[in-house]
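A structural walkthrough
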Amino acid sequence: MMNKSSPSVKNQSFIIEGASCASCVSKIEKVLHNLQGVDAVEMNFAQRTVSIDGNVNQASIIRSIQEIGYNAKPMDSESEQDALDEKAHADEAHYRDLMRNMYIALLVGVPLMLYGLFIGDMSVDTMNQRAVWFVVGLITLAVMVKTGNHFYRGAWQSFKNHSANMDTLIALGTGTAWIYSMVVIVAPAILPEMARHVYFEASAMILGLINLGLAFEVKARGRTSEAIQRLIGLQSKTARIVKDDKEIDVSISEVQLKDVIRVRPGEKVPVDGEICEGKTTVDESMLTGEPMPVSKASGDKIVAGSINKTGSVLFKATHVGKDTTLSHIINMVKRAQNSKPSIGRLADVISGYFVPIVMILAVLSGLAWLNIGPQPSIAYAIMAVTTVLIIACPCALGLATPMSIMVGIGKAAESGILIRNGEALQTASRITTMLLDKTGTITKGTPTVTDVILFNEHKEDDIMPLIASLESGSEHPLAEAILSYAADKQYKTSQVSDFDAITGRGVRGELNGERLLFGNQALMNQFDIDVSRGAEQAQTMANEAKTPMYFARGDMLSAIVAVSDPIKSDSVDAIERLKKKGVHLVMLTGDNETTAKAVAKRVGIDNFIAQVMPQDKVNEVIKHQQNGEVVGMTGDGINDAPALAQADVGFAIGTGTDVAIESADITLMRGSLHGLVDALAISQATIRNIKQNLLGAFIYNVGGIPIAAGLLYPIFGILLNPVIAGAAMAASSLTVVSNANRLRFFKAQKS
Amino acid sequence: MLYVNVLGIALIAAIVWWFWLYKPQQVASNNNQVNIVVNNGVYQPSNIKVNAGEKVNLRFDRQDAAPCAEMVIFPQLDISQELTMGTNNQLALPALEQGEYDFHCQMQMYKGKLIAK
């Protein structure tokens, strides 16, 4: 499937084995520097890895390193899998830490809160109360240090760097509550009697709830990258190389181009290659979204990550390491998952300034309570300041877009839809007009002979070998259909003399001293051949979306051969789904008006434009864009490239080549138009999900602040408790991550 | 109360100056190779001067397991990379034109800037 022939790649990394001393570093760096094409080399002795920048063959790097006595292993699928495992372990350890911190903080916070609610108040009046609360204060401090030290260290580091973040808000909020409470205990005289109230439970509870929220977030985040993990999991770790009649299992990183590899039924295909022996069926569903296994035989391409179902085959490696289709897909999905559409930019700008703004709002609300609030105003002010600081963490705002993009693009990849970036995903959700190329998109793109009508009592066995002989010199796509038909029927072809391809008309030549003509009516007219006998039948064929061609032997019309590019079995259904989505459809084709009309009618498209050249397709896109429409263009190849580039979103269908993967906005790995409808559905669902997330984050962050500051107090007498604010903050990121995860269960509706 | 209000206003002014107006010190890179520690809510160094027109190699040493720290994004360059725990996070940037290039985590809690001159 990949067209890339050069194994040279840029930015490669290798694990070095056998490098035991620091002097090895300069030795390895030196030998690599001397390789042609290497721009930069950097070895990390601690990690035993080397990074090479430049255009250089992987095999020469490994060989050069081996020549000086070390071994080099590309950091590929295995190391990627190791990194994933490492991440999973780190996440698990972090989750346990957070949960332990949560238990410790709530173990102190919950009893204190229950005491305040049901048994006694939290005020400090007597010496005994001061002593008891002082001890509680110290215990709370210990809990804060134990369960929140990360936040306090982070806040201090950020402060020193002139930046403010979530840690800053948590540290300020919990610290304010604790310091105020200790002031109440140590120097109650400086505060009015009504304000002598401690808030230790708030500090402990907030830390407990935030640790709990983060723990859940760690878990939920792990699931958002499931799609990429599944793709990486498709990569095989070993390959069975056949050499000198022996089969040896080797690590995938050791497979070289042109190695002959055996893959047995039930095994994963380890690298991209071309079958040289055997027949099988291959399940490519994880790469293409196509559920049906595909038959493969000698000469067919197979791709890494697909599963060999039935037969044992030998194949020659054509792309290895980072050059395989699967590696390209993984890289592209990773890149795309981390890009952001414009819908998230405002949230980015806001969250970039958010924390200092919240700090200013906290100060202002504190001043407002002190100046115009009821007594004890200082207690209310402390409550408001703490609550504003705690509720306003902008994490949810920052996460709203990337989480949905990560899941949405991963979900699309699982269905064989490769989305280049977040912007393409957003634009795809707004498409109003879709231009569809006919050949290869709506139809199969492989014309086949459908009818052979013979005149003058000729037999097909006499005529078709002559036509095939004539067409074997032609490069026209329709010639392929004739030759394939002849090959199926095992007709023998002969050498034609005086061959000539007449542009736009057909071909002529001589065989056994007899003139042969094969082409359209214009060709027949040119040579004064009377086609009136077959004119009616030819028209009927054209009306049935077939292309009729005349064959004349000598001066007589001898046959009409009709060729048709069959409509894909599911095109009608998919087009119906597109229409239900309210997308205006236009079919573009280079075919004649009659054939185009017949195809459009069959598939249910009202608008079509026939006899268009590639440049006309671009103009058609521009025309619709000028009418204010958001235009999508779907095509299957190079000739559609200009129009695909001009469209707001270009959909490359069915090819899966690296050119398509790298250049189209969206690549549909399977040939079906259902992939196009699914792509639109996933993009709409993802953008909807982002909007939900942004709304949720907005409610938490922006809506929560005025309530925390006490806006509802004058009307309803409500002042938010800092503990509630802590719970809300913990819930905000969790809500966003969980909502994004809902996309994992998205299923496009099939008709 | 007047003193408290004045103190409050002064505090607001201090926040504005400290977080927005103050220009943090820049750290010059060594041959455009920079090691950046990711820990405690910050990138260290976070304000890095690099040579414009030359490729930049960054190595992130992630010491913080918090999910915030797991991704670094260069929005102007459309580049992002997942950071695994430890030092094995190499990121090669193309030669930069003169200008300032922000980098941050997904939540924008960690923030840094490359200044290409």
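Treat the numbers as computed from the prediction; the structure is a model and nothing was measured. (Residues numbered from 1 in each chain as written. Chains lettered and ligands numbered in written order. Predicted model: local features only at pLDDT ≥ 70, side-chain atom pairs only at ≥ 80, totals over all residues. Heavy atoms only, no water.)

This part takes up the overall build of chain A. Each helix and strand in chain A was counted, giving 26 helices and 28 strands. Whereas a compact globule of 751 residues would reach a radius of gyration of roughly 27 Å, chain A reaches 35 Å, over 25% beyond that. Expressed as lengths along the three principal axes of its C-alpha atoms, the size of chain A is roughly 125 × 70 × 40 Å. In chain A, of all internal contacts separated by at least 6 residues, the share reaching a separation of at least 24 is 71%. Surface exposure of chain A reaches about 31,900 Å², of which carbon and sulfur atoms provide 55%. Between the centroid of the 68 positive side chains of chain A and the centroid of its 76 negative side chains there is a distance of 6 Å. (Helix = DSSP H or I, 4+ residues; strand = E, 2+ residues; numbered from the N terminus. Rg over C-alpha atoms; globule rule 2.2 N^0.38 Å. Contact = heavy atoms within 4.5 Å. Areas by Shrake-Rupley, 256 points an atom, 1.4 Å probe, with all protein chains shown as cover. Lys, Arg positive; Asp, Glu negative; His and termini not counted. Charge placed at Lys NZ, Arg CZ, Asp CG, Glu CD.)

We now examine the overall build of chain B. In terms of helices and strands, chain B carries one helix and 10 strands. Here chain B has a C-alpha radius of gyration of 17 Å; the compact-globule value for 117 residues is 13 Å, and the former is much larger. In terms of principal-axis extent, the alpha carbons of chain B reach across some 55 × 35 × 25 Å. Relative to its full complement of 117 residues, chain B shows a buried share of 47%. A total of about 5,500 Å² of accessible surface is found on chain B, and carbon and sulfur atoms cover 55% of it. For chain B, the distance from the average position of its 8 positive side-chain charges to the average position of its 9 negative side-chain charges is 7 Å. (Buried < 20%, exposed > 50% of the residue type's maximum accessible area, 1.4 Å probe, protein only.)

So, on to the sheet that holds strand β19 (residues 497-502) of chain A. Residue and element names in this part refer to chain A. Overall, antiparallel pairing links the six strands, which are arranged β18-β23-β22-β21-β20-β19 in an open sheet. Looking at the sheet topology across the chains shown, the edges are occupied by β18 (448-454) and β19. Taking the axes of each pair of neighbouring strands and ignoring which way they run, one obtains an average angle of 15° across the sheet. For strand β22 (residues 547-553) and strand β23 (residues 556-564), the ladder comprises seven bridges, and the chain directions are antiparallel. Following the sheet pairing, Arg-553 is matched in β23 by Met-556. (Pairing = 2+ DSSP bridges. Axes fitted to C-alpha atoms, helices over the stretch in contact; angles between N-to-C directions.)

What follows covers the interface of chain B and chain A. Taken together, the contact between chain B and chain A spans 43 residues of the former and 55 residues of the latter. Taking both partners together, chain B and chain A bury about 4,500 Å²; carbon and sulfur atoms supply 56% of that area. Taken together, chain B and chain A are joined by zero salt bridges. Taken together, the connections running from chain B to chain A amount to eight residue pairs in polar contact (both at pLDDT 80 or more). If you tally residues by element for the side of chain B that touches chain A, the top one is helix α1 (residues 2-21) of chain B, at 11 residues. In the side of chain B that touches chain A, the residues fall into 21 nonpolar, 15 polar and seven charged. (Buried area = accessible area lost by both parts, 1.4 Å probe. Salt bridge = Lys/Arg side-chain N within 4 Å of Asp/Glu carboxyl O. Polar contact = N/O pair within 3.5 Å; in protein donor to acceptor, adjacent residues only side chain to side chain. Nonpolar A, V, L, I, M, F, W, Y, C, P; charged D, E, K, R; others polar.)

All right, on to the pattern of salt bridges then. Residue and element names in this part refer to chain A. If you walk through the whole model with that rule in mind, you get 22 salt bridges over all chains. Linking Lys-296 and Glu-284 is a salt bridge whose minimum nitrogen-to-oxygen distance equals 3.2 Å. Here Lys-296, found in strand β12 (residues 294-296), pairs with Glu-284, found in the loop between β11 (280-283) and α8 (285-288); they are 12 residues apart in sequence, far enough to count as distant. With a shortest N-O distance of 3.2 Å, Lys-623 and Glu-620 are connected by a salt bridge. On the criterion of helical spacing, the pair formed by Lys-623 and Glu-620 is a turn pair, its members being three residues apart in helix α21 (residues 614-626). We classify Lys-623 as partly exposed; its relative accessible area is 44%. In this structure Glu-620 comes out as buried when scored by relative accessible area, which is 10%. A single salt-bridge network, built from bridges that share partners, covers Glu-92, Arg-96 and Lys-219.

Another aspect to go through is the packing of helix α5 (residues 166-186) of chain A against helix α10 (residues 345-372) of chain A. Relative placement of two packed helices is described by the angle separating their axes and the distance separating the axes. Residue and element names in this part refer to chain A. Running from N to C, α5 and α10 point in directions that differ by 20°, and their axes come no closer than 9 Å. Classified by the interaxial angle, the pair formed by α5 and α10 is roughly parallel. In the packing of α5 onto α10, the handedness of the crossing is left-handed. Residues Thr-168, Leu-169 and Leu-172 of α5 lie in contact with α10, whose contacting residues are Val-355, Val-358 and Met-359. Among the residues making up the contact of α5 with α10, the classes are represented as five nonpolar, one polar and no charged. (Parallel < 35°, antiparallel > 145°, perpendicular 65-115°, else oblique. Left-handed = near helix turned anticlockwise from the far one by under 90°.)

As recorded in UniProt, the sites labelled "transmembrane region" (unreviewed entry) are residues 6-22 of chain B. The annotated region residues 6-22 of chain B carries 94% helix and 0% strand content, and the separation between its end C-alpha atoms amounts to 22 Å. (UniProt positions renumbered as here; feature names shortened; annotations may be inferred.)

The next thing to look at is the sheet that holds strand β26 (residues 631-635) of chain A. Residue and element names in this part refer to chain A. Strands sit in the order β16-β28-β27-β26-β17-β24-β25 across an open sheet of seven strands; the sheet is mixed. Two strands in the sheet have a free side with no partner beyond their single neighbour: β16 (417-419) and β25 (607-609). Adjacent strand axes in the sheet meet at a mean angle of 20° when their direction is disregarded. Alignment of strand β27 (residues 649-653) against strand β28 (residues 666-668), held across three bridges, turns out to be parallel. What sits directly across from Ile-653, in β28, is Leu-668. On top of the sheet, helix α20 (residues 593-603) reaches β24 (584-588) and β25; it is set at about 150° to β25, its chief contact.

Here the focus is the packing of aromatic side chains. Overall, the coordinates contain 19 aromatic pairs over all chains when judged by the stated rule. Note on A:Tyr380 and A:Tyr713: the rings are 5.5 Å apart at their centroids and 55° apart in plane angle, and the pair reads as tilted. Placement of A:Tyr380 in helix α11 (residues 377-391) and of A:Tyr713 in helix α25 (residues 713-716) is noted, with a sequence separation of 333 residues between them. In this structure A:Tyr713 comes out as partly exposed when scored by relative accessible area, which is 23%. Ring centres 5.7 Å apart and planes at 55° place the aromatic pair B:Trp17 and B:Trp18 in the tilted group. Since its relative accessible area comes to 43%, B:Trp17 is described here as partly exposed. In this structure an aromatic cluster arises from ring pairing among A:Trp156, A:Phe159, B:Trp17, B:Trp18, B:Phe19 and B:Tyr22. Just above the ring of A:Tyr95 sits the side chain of A:Lys219; from NZ or CZ to the centre is 4.5 Å. (Phe/Tyr/Trp six-rings, centres within 6.5 Å; stacked < 30°, edge-to-face > 60°. Lys NZ or Arg CZ within 6 Å of the ring centre and 35° of its normal.)

Okay, α1(B) next. Over its 20 residues, α1(B) runs 27 Å from end to end, which matches the ideal 28 Å to within 8%, given 1.5 Å per residue. Taken as a whole, α1(B) has its buried residues at B:Gly8, B:Ile12, B:Ile15 and B:Phe19. Taken end-on, α1(B) shows its buried residues confined to a sector of 65°, consistent with a single buried face. When the buried face of α1(B) is taken as reference, the exposed residues oriented beyond 90 degrees from it are B:Leu2, B:Tyr3, B:Val6, B:Leu7, B:Ile9 and B:Leu21. Looking at the packing, one finds that the buried side of α1(B) touches α4 (127-160) and α10 of chain A. (Expected span 1.5 Å × (residues − 1). Arc of directions from axis to C-beta.)

To continue, consider unusual backbone geometry. A:Pro376 follows A:Gln375 through a cis peptide bond whose omega is -5°. Here A:Pro376 shows up in the loop between α10 and α11. The omega torsion of the bond from B:Gln44 to B:Pro45 falls at -5°, within 30 degrees of zero and hence cis. Turning to its location among the elements, B:Pro45 is positioned in the loop between β3 (42-44) and β4 (47-50). Within the chain, A:His162 stands out as a residue other than glycine whose phi angle is a positive 60°. Residue placement: A:His162 occurs in the loop between α4 and α5. A positive phi angle, near 55°, is found at A:Asn512, a position not held by glycine.

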